[in-house]
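Chains, contacts and geometry: an overview
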Amino acid sequence: DQQVKQNSPSLSVQEGRISILNCDYTNSMFDYFLWYKKYPAEGPTFLISISSIKDKNEDGRFTVFLNKSAKHLSLHIVPSQPGDSAVYFCAASAMYSGGGADGLTFGKGTHLIIQP
Amino acid sequence: NAGVMQNPRHLVRRRGQEARLRCSPMKGHSHVYWYRQLPEEGLKFMVYLQKENIIDESGMPKERFSAEFPKEGPSILRIQQVVRGDSAAYFCASSLRKQAPHEQYFGPGTRLTVT
């Protein structure tokens with residue numbers, strides 16, 4: 001049962017344009033959401049997060065939007081740069097509610113390719 | 001990623017052998033998490049440990065898998081009698097505090113191949 005879903009295995013975007021990565025979740029206990037970036041042969045690196053009391057969090061070129069009613073979040077990268085090419089994982093936690101496992105629940109990832 | 005060490009980076013085992021994966025957390029971190037990534041899948045939580053204690057093993061397979069985090073030394077994920085389905089990348093993460101998911105720092109992973 002996939003509690004965190006990333007339905008696009010890959011996404012190709014031109015350099016300088018906006019990249020939008022999507023993530024859906026099913027577990028209502030999730031109250032904290034994270035995006036990780038992963039290069040081949042490396043571990044995931046934390047990128048940005050958002051708690052369920054907010055609907056937007058911004059950090060430089062990265063913005064995460066949360067729509068709780070739709071159980072949907074998205075990561076916007078603008079402008080996209082060649083170094084952004086990587087696999088992006090959406091992850092969720094029941095951090096405040098205390099429900100579920102202590103670890104993070106990950107989606108399957110979206111491979112973002114930035115074309116010059 | 002800097003600071004969380006995992007070894008070996010690559011491990012090849014024949015079916016039926018044992019695999020031992022090691023994770024040294026970042027300096028000062030006493031919380032360790034193990035995740036497994038099967039091909040074409042996301043990371044799946046396996047177990048959460050603090051020094052000398054298993055706190056949450058809800059993601060661990062019931063048989064053949066065990067984990068420890070002794071008072072001294074690295075955390076060990078042990079897989080007995082490996083099967084082909086155990087082939088995966090195993091990542092550990094460490095954090096300074098519990099309940100701080102954004103503070104989980106991941107190691108580079110160990111890629112286990114069972115032949």
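Scroll up to find the structure this text is about.
Residues numbered from 1 in each chain as written. Chains lettered and ligands numbered in written order. Predicted model: local features only at pLDDT ≥ 70, side-chain atom pairs only at ≥ 80, totals over all residues. Heavy atoms only, no water.

1. As for the environment of L104 of chain A
Which entries qualify depends on this criterion: The numbering of helices and of strands both runs from the N terminus, where a helix is a DSSP run of H or I of at least 4 residues and a strand a run of E of at least 2. Here, two residues are considered to be in contact whenever any of their heavy atoms come within 4.5 Å of each other.
Looking at the secondary structure, you find L104 of chain A in the loop between β9 (86-93) and β10 (105-106). Put simply, L104 of chain A and Y32 of chain A are 72 residues apart on the chain and 9.7 Å apart in space, counted from C-alpha to C-alpha. When residues no more than four places from it in sequence are discounted, the contact partners of L104 of chain A are L34, Y36, A91, A92 and S93 of chain A together with Y35, F45, P101 and Q104 of chain B.

2. A word on the interface of chain A and chain B
This is how it is decided: Each of two parts loses accessible area, computed with a 1.4 Å probe, when they are put together; buried area is these two losses added. A pair is scored as a salt bridge if a Lys or Arg side-chain nitrogen falls within 4 Å of a carboxyl oxygen belonging to Asp or Glu. Polar contact is defined as a pair of N or O atoms within 3.5 Å, subject to the rule that within protein one atom must be able to donate a hydrogen and the other to accept it, and that residues adjacent in sequence are counted only when both atoms are side-chain atoms. Three classes are used: nonpolar for Ala, Val, Leu, Ile, Met, Phe, Trp, Tyr, Cys and Pro, charged for Asp, Glu, Lys and Arg, and polar for all others, with Gly counted as polar.
Between chain A and chain B, the contact holds 22 residues from the first and 24 residues from the second. When chain A packs against chain B, the two sides together hide about 1,800 Å² of surface, and 54% of this comes from carbon and sulfur. Contact with chain B buries area across many residues of chain A, yet M95, D102 and F106 of chain A alone supply 30% of it, more than any other trio. Across the chain A-chain B interface, the total number found is one salt bridge. Measuring nitrogen to oxygen at the nearest pair gives 3.5 Å for the salt bridge that ties K108 of chain A to E41 of chain B. Connecting chain A to chain B are three residue pairs in polar contact (both at pLDDT 80 or more). Within the residue set of the side of chain A that touches chain B, elements represented by two or more residues are β4 (32-38), β5 (45-51) and β9 of chain A. Per-element tally for the side of chain A that touches chain B: the top contributor is β4 of chain A, with four residues. Counted by class, the side of chain A that touches chain B contains eleven nonpolar, seven polar and four charged residues.

3. Notes on the sheet that holds strand β8 (residues 75-79) of chain B
Strand pairs in the sheet, formed through backbone hydrogen bonds, run parallel or antiparallel to each other. All names here are of chain B. In plain terms, the rule: A pair of strands is labelled paired if DSSP reports no fewer than 2 bridges between them. Only the contacting stretch of a helix is used when fitting its axis, a line to C-alpha atoms as for every element, and angles between N-to-C directions run 0 to 180 degrees.
In space, the four strands of this open sheet follow the order β1-β3-β8-β7, with antiparallel pairing throughout. On the outer flanks of this sheet lie β1 (5-7) and β7 (65-68), each paired with one strand and no other. Averaged over all neighbouring strand pairs, the angle between strand axes comes to 15 degrees, with direction disregarded. Note that β1 and strand β3 (residues 19-24) share three bridges and pair antiparallel. Each residue of the ladder has a partner; that of M5, found in β3, is S24.

4. Considerations on a nonpolar patch on the surface
Note the following rule: Each patch is built from salt-bridge-free residues with over 30% relative accessible area, joining like charges within 9 Å and nonpolar side chains (Val, Leu, Ile, Met, Phe, Trp, Tyr) within 5 Å. Each accessible area is a Shrake-Rupley estimate made with a 1.4 Å probe; only the visible protein chains count as cover when residues are assessed.
Nonpolar side chains collect at one region of the surface, where I18, I20 and V78 of chain A lie side by side and expose about 230 Å² of accessible area between them. Assignment of secondary structure puts V78 of chain A in the loop between β8 (72-77) and β9.

5. Thoughts on the side chain of S80 of chain A
Residue and element names in this part refer to chain A. Mapped onto the elements, S80 comes out in the loop between β8 and β9. Of the polar contacts made by the side chain of S80, one reaches the backbone oxygen of I77; its length is 3.5 Å. In this view, S80 contacts V13, Q14, E15, G16, R17, I18, S19, R61 and I114; residues no more than four positions away in its chain are not counted.

6. Structural notes on the sheet that holds strand β1 (residues 4-5) of chain A
All names here are of chain A. Taken in spatial order, the five strands of this open sheet run β1-β3-β8-β7-β6, and their pairing is antiparallel. With partners counted over all chains shown, the strands left at the sheet margins are β1 and β6 (56-59), one partner each. Note: β1 against strand β3 (residues 19-25), two bridges, orientation antiparallel. Within β3, the residue paired with V4 across the bridge is Y25.

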